[in-house]
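# Architecture and fold: a report
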Amino acid sequence: MAMPAAFSRPNQFLVRQPNSQFSARHRIYSRNLQALKNSSRSLSFRTAADHVSRIYCCQKESIVSNSESKSSIRRPPYIPNRIPDSSYVRIFDTTLRDGEQSPGASLTAKEKVDIARQLTKLGVDIIEAGFPAASKEDFEAVKMIAKEVGNAVDEDGYVPVICGLSRCNEKDIRTAWEAVKYSKRPRIHTFIATSEIHMEHKLRKTREQVIEIARNMVQFARSLGCDDVEFSPEDAGRSDREFLYQILGEVIKAGATTLNIPDTVGYTMPFEFGKLIADIKSNTPGIENVIISTHCQNDLGLATANTVAGACAGARQVEVTINGIGERAGNASLEEVVMALQCRGEHVLGGLRTGINSRHIFLTSKMVEEYTGLNVQPHKAIVGANAFAHESGIHQDGMLKHKGTYEIIAPEDIGYERSNDAGIVLGKLSGRHALKSRLVELGYELDNEKLDNVFWRFKAVAEQKKRVTDADIRALVSDEVFQPIVLWKLLDLQVTCGTLGLSTATVKLLDADGEEHIACAVGTGPVDSAYKAVDLIVKEPATLLEYSMTAVTEGIDAIATTRVLIRGEKSYTATHASTGESVQRTFSGIGAGMDIVVSSVKAYIGALNKMLGFHGVDIKVTEKKTLSA
């Protein structure tokens, strides 16, 4: 049914007459109701009234609080296998599980807890905290999130579900339960492959054997005391439909509360995936007693489109990651899916909505980018550096006249503010209070200690730059706040390099016990020699896999941000969820500064700290003395 014109235009009257909100809303309600009665012949009067009531409520909520996304105010009560509001779509974030499977995205337990806390600010319904059976470290991280984040109930009663992934075997499922059971709302997510190619070549099992395993393992998960069990038929996108209906019906009878339908290899087209969800909804016995979910990979760049198509076809949970990170080409991006529903949900998607507070999207994106070391491409939708940049003369002219000419989403909706829109210009004369105010505007809430560290870094930069931009501030915050537990800290660095001799570096580091260590080394350049000097002190063999540097702003006085990726020569391994293979972990580090060699060394030390902290390595420091090579 085509949407009446009354609903396709924003309500300009409310914007112009903020002091007449009640009467304006009453007139809008009456006008829209009459429009629906006149133009929607296929819609009953009661349905029309209900539809107008939803719009009326949305308008009222947007007036009450401009700082919150309208959908976050009306979160239905959580029931594992049912959602009282048929328009509500649960957001299942798997950044900490599927997202961490991206090469180089290994996260420490502290970083995972930080991200989980930020996801609660964002308002996600379910946090898949990890794959507890992957390693002892993963188990402890999931357990920590369950205890600390899974019990933090806010004043509205919101607390995220904490989920652990497991393969369909008793050991994995028991391990997952032991990790998540401490949360207020624990969930076990178990899976087994159902496509012919997977069953034949990976599992080497028949259809009957796969059904029996799935049914028994869901029953086992419920027998442990878990009332919220999600089941996924891996590679559902390439599975036989009749077999899917059969195995899904069996796990429903066994006690599954959510059925997740993965497009594991990103193979389906949006119309195909939408039909898959619709067919499952129509043909699976007992489907009315569970929630249908989607999990779409991005191998063909269609993950977001497939996810939205699945939601339109009846899925009421979508599995996504921040920045779309994940295996291979990644997953459906949380920010893209959420903003698609927020931007078009009421008008063309049947009223679909989420409980996400979109104003936390940008900061969450930056946190995940910094912790994982995975750069967001500039043209990435919603959170990319160019997402709200306009260079074309025609576009700039339109933006100056009315921002709505070329922006369907205001940057403020996701918590991003353009630096040229800020009222405060920061420089060397700016004080601590001015910096704190700007940090709050940018979405950073720092304690006094972190604020002091950022402030003194800011003053040092401001002495060398006429104006400190928001990009500079974000780089400084990332360098101070988004860092692993400090086991080694850079105190001093001196390098000698050029065409007349060998590059030499002298490095002074501070260890966790407060002792200073100095080393000198010769290398092929200033960075190489500095890294070799660091290695002499830390004595933890590592291979540098990637090194990159970007200028935060324009000009020769720009802050440089360096990212490195390393792999330890010792065994840092984990079990891959899908293949069961043992994979070697890699670790990333970031550093920022106006001196590119200093930022490079800080990035390398950050990666080493993350690697050493991952296993809680007991640092055996040498006696305080100068080393050389």
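As the structure is a prediction and not an experimental result, all values here were calculated from the model. (Residues numbered from 1 in each chain as written. Predicted model: local features only at pLDDT ≥ 70, side-chain atom pairs only at ≥ 80, totals over all residues. Heavy atoms only, no water.)

## Side note on the pairing of strand β4 (residues 186-193)
To keep things clear, this is the line we draw: Whether a residue is buried, partly exposed or exposed follows from its accessible area with a 1.4 Å probe, protein chains only, as a fraction of its type maximum: under 20%, in between, or over 50%, in that order. Counting from the N terminus, the helices are the DSSP runs of H or I reaching at least four residues and the strands are the DSSP runs of E reaching at least two. One requirement defines pairing of two strands: DSSP has to find at least two bridges between them. Looking down the strands as they point away from you, a crossover is right-handed if its path from the first strand over the helix to the second goes clockwise.
Summarising burial for β4: eight of the eight residues are buried, a large majority. Of the two faces of β4, the one carrying P186, I188, T190 and I192 and the one carrying R187, H189, F191 and A193 are both buried. In the sheet, strand β3 (residues 161-167) pairs with β4 via six bridges, with the strands oriented parallel. Among the inter-strand pairings, C163 is bridged to a residue of β4, identified as R187. Considered for its hand, the β-α-β crossover made up of β3, helix α6 (residues 170-180) and β4 is right-handed. Of the strand pairs in this sheet, β4 and strand β5 (residues 229-234) are connected by six bridges, and their pairing is parallel. Bridge pairing in β5 links I188 to V229.

## Quick look at helix α17 (residues 470-481)
The condition is simple: By this rule, a helix spans an expected 1.5 Å times one less than how many residues it contains. Between two residues, a contact is recorded if the distance between any of their heavy atoms is within 4.5 Å.
In this model α17 runs 16 Å from its N-terminal to its C-terminal C-alpha over twelve residues, within 8% of the 16 Å that 1.5 Å per residue would give. For α17, the buried fraction is high: ten of the twelve residues fall into the buried class. Taken together, the buried positions of α17 are occupied by D470, D472, I473, R474, A475, L476, V477, S478, D479 and V481. Where the residues of α17 are buried, they touch α13 (361-372), α15 (432-441), α16 (448-462), β13 (560-568), β16 (587-593) and α19 (596-614).

## Some remarks on the sheet that holds strand β7 (residues 291-296)
Heads up, the condition is: Every angle, taken between N-to-C directions, lies between 0 and 180 degrees, and every axis is a line fitted to C-alpha atoms, over only the stretch in contact when it is a helix.
Strand order in the closed barrel formed by eight strands is β1-β2-β3-β4-β5-β6-β7-β8, and the pairing between neighbours is parallel. Sheet twist, expressed as the mean angle between neighbouring strand axes with direction ignored, is 25°. Taken together, the six bridges between strand β6 (residues 258-263) and β7 define a ladder with parallel strand orientation. By the bridge assignment, P262 is partnered in β7 with H295. Against the sheet, α6 engages β3 and β4, with an angle of about 165° to β3. Relative to β5, helix α9 (residues 241-254) is tilted by about 165°, and along the sheet it contacts β5 and β6.

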